[in-house]
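Residue-level structural notes
So you can see what is in the structure, the chains are spelled out below.
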Amino acid sequence: MPELACTARRMGDYESRTEEYELAFSVDGSEPRTLEIKYQAARAYEINEALDACVETAREAISEAGLDARPTDEALSQFAWKAIQSVKYEEGAAKTSSLEL
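Now for a look at the structure at hand. (Residues numbered from 1 in each chain as written. Predicted model: local features only at pLDDT ≥ 70, side-chain atom pairs only at ≥ 80, totals over all residues. Heavy atoms only, no water.)

In terms of regular secondary structure, the chain is built from two helices and four strands. For the chain, the sequential pattern of α-helices and β-strands runs β-β-β-α-α-β. Computed over the C-alpha atoms, the radius of gyration of the chain is 13 Å, within 12% of the 13 Å expected from 2.2 N^0.38 for a compact globule of 101 residues. For the chain, with 101 residues in total, the buried portion stands at 38%. (Helix = DSSP H or I, 4+ residues; strand = E, 2+ residues; numbered from the N terminus. Rg over C-alpha atoms; globule rule 2.2 N^0.38 Å. Buried < 20%, exposed > 50% of the residue type's maximum accessible area, 1.4 Å probe, protein only.)

What follows is the structure, given as structure tokens:
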């Protein structure tokens, strides 16, 4: 079964209220679709906008791989959020997560 991979890395000033991340989505080793997001944790609308961008980028990666898989927006959003949270305190270290499609 194919898998969507997300490699997340925190960027920027780790002491700032603004959190910045780089995410790369790929399906089974395909060319990754990279996205940079930035938000303030106290602003829910900024977090939602960032997650919407993640969902769109993940869907592009799935489409480019030629798959008909249609995970829900909620599943992709939760997947991206968990990937982001897994590197929140890693100060630049990248971590890869995967989701079965």
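The final tally for this structure, using the stated rule, is two aromatic pairs. Pairing Y21 with Y39 gives two aromatic rings, centres 6.0 Å apart and planes at 20°, and the pair type is stacked. One end of the pair, Y21, is in strand β2 (residues 18-27); the other, Y39, is in strand β3 (residues 33-40), with 18 residues separating them in the sequence. For the pair shown, Y21 and Y39 are each scored as buried. On the basis of an interplanar angle of 40° and a centroid distance of 6.3 Å, the ring pair of Y39 and W81 is categorised as tilted. (Phe/Tyr/Trp six-rings, centres within 6.5 Å; stacked < 30°, edge-to-face > 60°.)

Our next topic: the side chain of K88. You can see K88 is positioned in the loop between α2 (73-86) and β4 (95-100). Of the residues examined, K88 reaches a relative accessible area of 17% and is grouped as buried. Beyond its immediate sequence surroundings of up to four residues, K88 is in contact with R10, E19 and Y21. (Contact = heavy atoms within 4.5 Å.)

Counting 25 residues, the largest nonpolar core has L4, L23, F25 and I37 as its most contacted members. At the level of secondary structure, the elements contributing two or more residues to this core comprise β1 (3-11), β2, β3, α1 (44-64) and α2. In terms of residues, this core owes the most to one element, α1, which gives eight residues. If we ignore the near neighbours within four places in the chain, the residues touching L23 are C6, T7, A8, R33, T34, L35, I37, C54, A80 and I84. (Core = buried A, V, L, I, M, F, W, Y, C linked by side-chain atoms within 4.5 Å.)

Looking now at the side chain of S77. Checked against the element boundaries, S77 lands in helix α2. S77 has contacts with L51 and V55, leaving out every residue within four places of it along the chain.

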